[in-house]
Structure formats: structure tokens, C-alpha cells
Amino acid sequence: MIAALLLLCAAALIAAPHGLVRLERLRRSPRAALFVWQALSLSAVLCMLTAAPIAWLRVRPLPLVPEVVVLVVATITSIGVLVRLLTNGHNVGRRIRAARAEHRGLVDLVGRHEGDHTRVLPSERLSAYCVPGAGSRLVITEAALVALPGDQLAAVVAHEEAHLRERHDLVLEFFTVLHTASPRLMRTDAALREVALLVEVLADRAARDEVGEVALGRAILSLAEAAGAGTTQADLTPGASAGAGAAATRIRLLVADDPAPWQTLVLYLVCAAALVVPPVLAAVAST
């Protein structure tokens, strides 16, 4: 049955990240790799959502026992995923936006205004981050202004500006909603950490183009050392979940050779293939 095939495809797509996180070479094409992660999650969700409608569409007046089992499993799966998708979409968006609005109000209250959206906090903690969304803010502490040389400070600002300009927060929110819609026992939280890291790498690429890899690498190291000493402020930057432990990886990727064009093309073809699966199976079922 097509519905059973859809469920099997969904299971395979959900399980794929368990092996995909080990392919560190994908990080050299961060944008294409992000598309792969998004496509796999979206395709898995679509497979699970369409399994029940297709199962009911193809049901016979007197179905066999295996067909009844598939029908029940597909119905439970589709309804469960739909409920989690709607619930998570609402909760994630509301929780994050409320936290950002509160944080934005606090930095506006205690921070020194530098331009339209930059705030300087009177803190001895070495930190720099952004608060994305409506009324975005770029936040830097006094300690960072004092401790970081001019080129490193420019690198940090360019990195955070890239987060705001490219709306990496929406990428993470979208992936989080899709990821958490899948059954808990089948998914891996390593996928969320990998996507957060890729977002950081994308911002690093943008900053590297502006200030160079040396200044950016030193800035990453300075902030990572401060984080290791417990002196950084918890931030709301889009890729914050990547953590200080990702600093060494980010620095390695700064100096790594760019992948061959065909490798990036392969990743985009994987995206297209993953997204084609649900509509193709649905079309087959309707014939």
C-alpha cells in the first residue's frame, strides 16, 4: 500500500540525521547543508500527514487485516503529527517572541543607545549577541568594547548583523517546529545542534568576507575562552544553541577549502529528491 510506503519513507527520513551528523564535510557547504536538513524534516512531516488521507482513499469495502493495521497506524500518525505541528508552531513562536520582547525592553532600559538598534550594556561580562525579530537589537557589553581589538570587534558585529539580515532565527524556528513534530523516540537532538552550528557557520562566512578570517577566528576564540571561564552572558543570538564547544569547529571551517561545485550541487539534488517523494507517492495513489 502507498500509505505504508509513505510511513516507511517518513521513518527513513527521520532516522537519516542519526548518520548525517557524522558527515562533517557537509559543513563546508553550510547553506546547501541547511537546505538538506530542512528538506528531510519537511518531507518526513509531509509523508506522515498524507499517509492517512491516502490510506482512506485506497481502502477497500472489505480490507485485509494488514490493510486495517496500516489504516489505523496511518490515521494515528497523521493526526498526531498534525496536532504536534500546530501546537509546536504556536508554542515555539509565542514563547520565543515573548522572551525576545522582554529582553529587548530590558536592554533598551539599561543599555546605552548607539544608533537605531545597537545597545551597549554596562557589564563586565564579555559578550556580544543579537535579539532578532521585529525591532531587532545588536547588544554588546562594555567589557567586549574594551577587551576586543578593533578588527575583532568589527568581526563580531559583522557576524551578528549577518544573523539579523538573513533572518537565521526563522530558519531555526521553522526547523525546530518540523523536528519536534516527529515522534520523540525516532528523532535526535543532534539535528537541532547541527542546524544551529550551520547557522553560525553561515554568519561566519558573511563576517569573513568583510573582515577576513584572522580577525574573525581570533574573535571567536576570545568569546569562546570567556564562555569557558563562565563570564559570558546567555544570549538570544539565532545560533546560540551551538554553544562554545562549537568554536573549534567554526575556526577549522574558516580555513577549510571550499567544496567542489559538484558537491554542493549534489546536496541541492538531495533536497529536491526528498521533497519530491510525498507528491509523487500521492500522485501514484490517486491513479
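Residues numbered from 1 in each chain as written. Predicted model: local features only at pLDDT ≥ 70, side-chain atom pairs only at ≥ 80, totals over all residues. Heavy atoms only, no water.

**Structural notes on the nonpolar core**
Across soluble globular proteins, you tend to see nonpolar side chains buried next to one another. To be explicit about the condition: Nine residue types can take part in a nonpolar core, namely buried Ala, Val, Leu, Ile, Met, Phe, Trp, Tyr and Cys, and a core is a set of them joined through side-chain atoms within 4.5 Å. Three labels apply to residues, based on accessible area from a 1.4 Å probe with only protein chains included: buried if under 20% of the type maximum, exposed if over 50%, partly exposed otherwise in between. Every residue pair with non-hydrogen atoms within 4.5 Å of one another is taken to be in contact.
Counting 45 residues, the largest nonpolar core has L6 and W37 as the members making the most contacts within it. Sequence-distant contacts of W37, that is, excluding residues within four places in its chain, are made with P17, L20, V21, F175, A191, E194, V195 and L198. Ranked by size, the runner-up nonpolar core spans 18 residues in total, among them I140, L153, A158 and A224.

**Digging into the side chain of T77**
Threshold: Strands here are runs of E lasting at least two residues and helices are runs of H or I lasting at least four, both read from the DSSP assignment and numbered beginning at the N terminus. In protein, a polar contact requires one atom able to donate a hydrogen and another able to accept it; more generally it is a pair of N or O atoms within 3.5 Å, and residues adjacent in sequence count only if both atoms are side-chain atoms.
Position of T77 among the secondary structure elements: in helix α3 (residues 65-110). One polar contact links the side chain of T77 to the main-chain carbonyl oxygen of V73, over a distance of 2.7 Å.

**Things to note about empty space enclosed by the protein**
The condition that has to hold: With a 1 Å grid laid over protein atoms only, a set of points is called a cavity when a 1.4 Å probe fits there but cannot get out and a pocket when it is open yet has protein on both sides within 12 Å along at least five of seven lines; lining residues have an atom within 4 Å of a point. Grid points are joined across faces, edges and corners, and a volume is the space filled by probe spheres set on the points. All amino acids are sorted into three groups, where Ala, Val, Leu, Ile, Met, Phe, Trp, Tyr, Cys and Pro are nonpolar, Asp, Glu, Lys and Arg are charged, and the leftover types, Gly among them, are polar.
Scanning the entire structure with this criterion turns up one cavity of 30 Å³ or more. Approximately 110 Å³ is the volume attributed to the largest cavity. Lining the largest cavity are 13 residues; nearest its centre among them are I14, P17, S41, H179 and S182. When residues of the lining of the largest cavity are traced back to their parent elements, those giving at least two are α1 (2-20), α2 (30-58) and α6 (168-181). Considered class by class, the residues forming the lining of the largest cavity number nine nonpolar, three polar and one charged.

**Focus on the confidence of the model for the protein chain**
Formally: Think of pLDDT as the predictor's per-residue confidence, scored from 0 to 100.
Per-residue confidence for the protein chain averages 86 on the pLDDT scale, and 93% of its residues sit at or above 70. This stretch, residues 230-236, has a pLDDT under 50; its non-local contacts, to residues over four places away or in other chains, come to 23 contacts.

**What to know about unusual backbone geometry**
Here the phi dihedral of R167 falls at roughly 50 degrees; this positive angle occurs in a residue that is not glycine. Positionally, R167 belongs in the loop between α5 (150-166) and α6.

**A look at α6**
Basically, it comes down to this: How far a helix is expected to stretch is found by multiplying one less than its residue total by 1.5 Å.
Taking 1.5 Å per residue, 14 residues should reach 20 Å; α6 reaches 20 Å between its end C-alpha atoms and fits that length. With ten of its 14 residues buried, α6 lies for the most part within the structure. Of the residues making up α6, those classed as buried are H168, D169, L172, E173, F175, V177, L178, H179, T180 and A181. As for α6, its buried residues are in contact with α2, α3, α5 and α7 (190-211).

**Here's the deal with the pairing of strand β2 (residues 118-121)**
When a strand is regular, its side chains alternate between the sheet's two faces. In plain terms, the rule: For two strands to be treated as a pair, DSSP must find no fewer than two bridges joining them.
Of the two faces of β2, both are covered, the one formed by T118 and V120 as well as the one formed by R119 and L121. As paired strands, strand β1 (residues 112-114) and β2 are joined by three bridges and run antiparallel to one another. Counterpart to H113 in the pairing with β2 is R119. Between the antiparallel neighbours β1 and β2 lie three residues, among them G115 with a positive phi of about 80 degrees. Strand direction decides the pairing type here: β2 and strand β4 (residues 137-141), joined by four bridges, are parallel. Looking at the pairing, V120 lines up with I140 of β4.

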